[in-house]
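Each chain, letter by letter, is given below.
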Amino acid sequence: MYAHGCVAKKTVYSLLFFWMMPLSSIATEAESDSVVPECRIEADYLEQVSLQGSSPDHVESFSCFRTIDEVTPEQSLIVDIRTPDAYRQARIPGSINLSSNKLLNTGALQSRDLLVVDQGFSRSRMAEFCAKAEVNGFERLTVLVGGTAAWSAAGLEMQGAPDAIARLYDIEPSEFFAEVSRQRVTVLVDESQTESLQQLIGSEVKVLGLPDSGDAIEQQLVSLFSSGQYDEIFPMVYVGSDPAVTGFARKHRSLFVLDQTPDELRAKRHQLLASATQRKGIPERYRCGG
């Protein structure tokens, strides 16, 4: 009992300390910020359970979404809500790093003009974040569509390791399947793999086959990105490792890359489903709700 009491007191003191901090100290504190393990488990849990069609109801809002062409970054405080490790490796100069929960519980930021970025792939997760921000009274908060990947693809300055900056468009299988479950992604794959991938993710998700020729791939991609249907195709994911496509992804904020074959994805999906089944046994009181 005594040990639990100490932990509780430390938690309260830590929260009070953060809320009383001046805004100028937030950036320094953010460098050592860590994601609460329970929150990370909860986020993974919700994503993986959604593969089985049993995820909780999601409240979403797209009202705060803006593209890179619609924002004025110099007039806003840029808040990066990715993990501290991802932030340290590649970040927007002058941005600060806060978890989404910490941001939404920081009253000092409520009246500020905020430009919020994540990696940029999960439109669903950011729509949920936008809805929470509205409920919490953040009326001057904007979410950058495409996140750090869009920022980099637009030719704007990034700080960090060159390799990490070049990989901003890379995504993980769990992220991919979470968006697939909501049919909110367009998938590109080598033409020979189209049928195999379609069988894996279902007929409701749009899958486009790419030709084998490098020049033909470039032409097809340019045609897609000049179609004026940005909202309909975003986010777009290439499943594969063709250098012609991965190189194109570095220049276009709607295109992400999942370096997996359909067979590898099928095996990964089985693993995720098994994990989701185990996570169903986690009592709700141990989950933080994302």
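Data block above holds the structure.
So, how was this worked out
- Residues numbered from 1 in each chain as written.
- Predicted model: local features only at pLDDT ≥ 70, side-chain atom pairs only at ≥ 80, totals over all residues.
- Heavy atoms only, no water.
- Salt bridge = Lys/Arg side-chain N within 4 Å of Asp/Glu carboxyl O.
- Helix = DSSP H or I, 4+ residues; strand = E, 2+ residues; numbered from the N terminus.
- Buried < 20%, exposed > 50% of the residue type's maximum accessible area, 1.4 Å probe, protein only.
- Disulfide = S-S within 2.5 Å.
- 1 Å grid on protein atoms, 1.4 Å probe; cavity = no way out; pocket = protein on both sides within 12 Å on 5 of 7 lines; lining within 4 Å.
- Points joined across faces, edges and corners; volume = space filled by probe spheres on them.
- Nonpolar A, V, L, I, M, F, W, Y, C, P; charged D, E, K, R; others polar.
- Patch = residues over 30% accessible without salt bridge, like charges linked within 9 Å, V, L, I, M, F, W, Y side chains within 5 Å.
- Areas by Shrake-Rupley, 256 points an atom, 1.4 Å probe, with all protein chains shown as cover.
- Lys, Arg positive; Asp, Glu negative; His and termini not counted.
- Charge placed at Lys NZ, Arg CZ, Asp CG, Glu CD.

Visitor: Please provide a residue-by-residue account of the pattern of salt bridges, values included.
Guide: Summed over the entire model, instances satisfying the criterion amount to six salt bridges. In this structure, the salt-bridge partner of glutamate 60 is arginine 182, at a minimum N-O distance of 3.0 Å. Placement of the pair is glutamate 60 in the loop between α3 (37-50) and β1 (65-66) and arginine 182 in the loop between α9 (173-181) and β8 (186-190), with a sequence separation of 122 residues. Residue glutamate 60 is classed as partly exposed on the basis of its relative accessible area, which comes to 28%.

Visitor: Can you tell me about unusual backbone geometry, naming the residues and giving the values?
Guide: Although it is not a glycine, glutamine 183 sits at a positive phi angle of roughly 55 degrees. Here glutamine 183 is to be found in the loop between α9 and β8. According to the relative accessible area criterion, glutamine 183 is partly exposed, its value standing at 49%.

Visitor: Before we move on, could you go through the state of the cysteines and cite the residues and values that matter?
Guide: This model, assessed by the stated rule, comprises one disulfide. Bridging cysteine 64 to cysteine 130, the disulfide has an S-S length of 2.1 Å. In this pair, cysteine 64 sits in the loop between α3 and β1 while cysteine 130 sits in helix α6 (residues 123-135), placing the two residues 66 residues apart along the sequence. Cysteine 130 carries the same exposure label as cysteine 64, and that label is buried.

Visitor: Describe empty space enclosed by the protein, listing the residues and the values that go with them.
Guide: Under the counting rule described, the total for this entry stands at one cavity of 30 Å³ or more. Approximately 60 Å³ is the volume found for the largest cavity. Lining the largest cavity, in full, are Phe65, Asp118, Gly120, Phe121, Ser122, Arg123, Met126, Val143, Leu144, Val145, Gly146 and Phe234. Contributing elements (two or more residues each) for the lining of the largest cavity: α6 and β6 (141-144). In terms of residue class, the lining of the largest cavity is built from seven nonpolar, three polar and two charged.

Visitor: I'd love a proper account of a negative patch on the surface, names of residues and values included.
Guide: A cluster of like negative charges, contributed by Asp170, Glu172, Asp259 and Glu264, occupies part of the molecular surface. When you line up the elements, aspartate 170 lands in the loop between α8 (162-166) and α9. Judged by its relative accessible area of 30%, aspartate 170 falls in the partly exposed class.

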